[in-house]
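Overview (structure and organization)
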Amino acid sequence: MPTVSIGMPVFNDVKFLPKALDSLLSQTFIDFELIISDDCSSDGSQEVCLNYAKLDSRIKYIRQERNIGISKNMMYLLQKAKGDYFMWAGNDDLWHRDFISKLVHALQKGKSCVSAFGPYIDIDEKGNPISGIKKINYTNPEVRQRLTGLIKIFNDAFGYGLFVRKNILGVKFPVWWGINKICAYDNIFPTLCYYLAKGDFCYVENEEPLWYNRWKSKKNINHKIPYHNNFILGYFAYAIRKLNLVWISVIEIYRAEKNIGLVLSVFPRLFFSWFLIPVFYKIHTKYHFYKIQGPEIFI
């Protein structure tokens, strides 16, 4: 049984996929399985994955019979994993060669921790840095303080950290209601609430970034936004999605902790920060965008 399971959801990212695979296969920690779930790619990603699987027995390639969407694909990968520790890997990102080894060591040492992450940096399509080193740390023995920290500094990067697999098996990635069903943005935030409600966060200090988060141009982004050419309808869909985000996040906190008092204590801040502020910001700017230099909660 591998110590670490890596789940990589793949969909039409052949331009960046080889470098992502090379980065993972170059890890100093070698006791892992890499499970690739191809969500019916049509751009040559399948051939790339099959070729890599022939070269490295740690790779297990699975192609979905139909497109199931990113949320269901993320869930599928977790269900297939066998390792003590688990991580999701974007098919366009890069990792420091010691990423897994340092996070495994941190989780082995921090017995109360469910998740571990470290410093990271944003890169462009050519791999050039477009930000300084970013650090997010939600470490706190008190669950309410961890959740409050996430709500205040809503950064989804640690969703690509390392987790104690047995402690996150109950997590659910949402598929948004109605007109937002095709939209994957924000789907990771309720899961972050679940992780922080389940256990402590372990931050790993490192001089160099441990993860390289790829930012892509609009033409290379596979995620869709409903009514992106109509501000009024697009704004309505956006507001519904933010309301959906708050509701599902509340559910995930309760599912993880089974504490209604905790839910009631964080709900006002959650509603204010993850619904009222972005909805006001959106109408105030009257500008539709795919990504901004800042928290993705505004997408």
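Described below are features of the structure shown in this document. What you see is a predicted model; the values in this text were computed from it and never measured.

**Let's talk about the overall build of the protein**
Helix and strand counts for the protein come out as nine helices and 10 strands. For 299 residues, the compact-globule formula gives about 19 Å, and the C-alpha radius of gyration of the protein, at 19 Å, lands near that figure. Along the longest, intermediate and shortest principal axes, the C-alpha atoms of the protein span 50 × 45 × 35 Å. Relative to its full complement of 299 residues, the protein shows a buried share of 56%. Here the analysis covers contacts within the protein between residues at least 6 apart in sequence; of these, 80% occur between residues at least 24 apart. For the protein, the accessible surface area stands at approximately 13,700 Å², while carbon and sulfur atoms represent 55% of it. Looking at the protein, you have 38 positive and 27 negative side-chain charges, and the mean spots of the two groups are 5 Å apart.

**A word on the nonpolar core**
Grouped together as the largest cluster of nonpolar side chains are 86 residues, with contacts concentrated most on Met8, Trp88, Phe158, Tyr195 and Trp274. By residue number, the principal contributor to this core is helix α8 (residues 231-257), which donates nine residues. Filtering out sequence-adjacent residues up to four positions away, methionine 8 remains in contact with Leu17, Ala20, Leu21, Leu24, Leu34, Ile35, Ile36, Ser37, Leu77, Ala89, Gly90 and Asn91.

About the thresholds
Residues numbered from 1 in each chain as written. Predicted model: local features only at pLDDT ≥ 70, side-chain atom pairs only at ≥ 80, totals over all residues. Heavy atoms only, no water. Helix = DSSP H or I, 4+ residues; strand = E, 2+ residues; numbered from the N terminus. Rg over C-alpha atoms; globule rule 2.2 N^0.38 Å. Buried < 20%, exposed > 50% of the residue type's maximum accessible area, 1.4 Å probe, protein only. Contact = heavy atoms within 4.5 Å. Areas by Shrake-Rupley, 256 points an atom, 1.4 Å probe, with all protein chains shown as cover. Lys, Arg positive; Asp, Glu negative; His and termini not counted. Charge placed at Lys NZ, Arg CZ, Asp CG, Glu CD. Core = buried A, V, L, I, M, F, W, Y, C linked by side-chain atoms within 4.5 Å.

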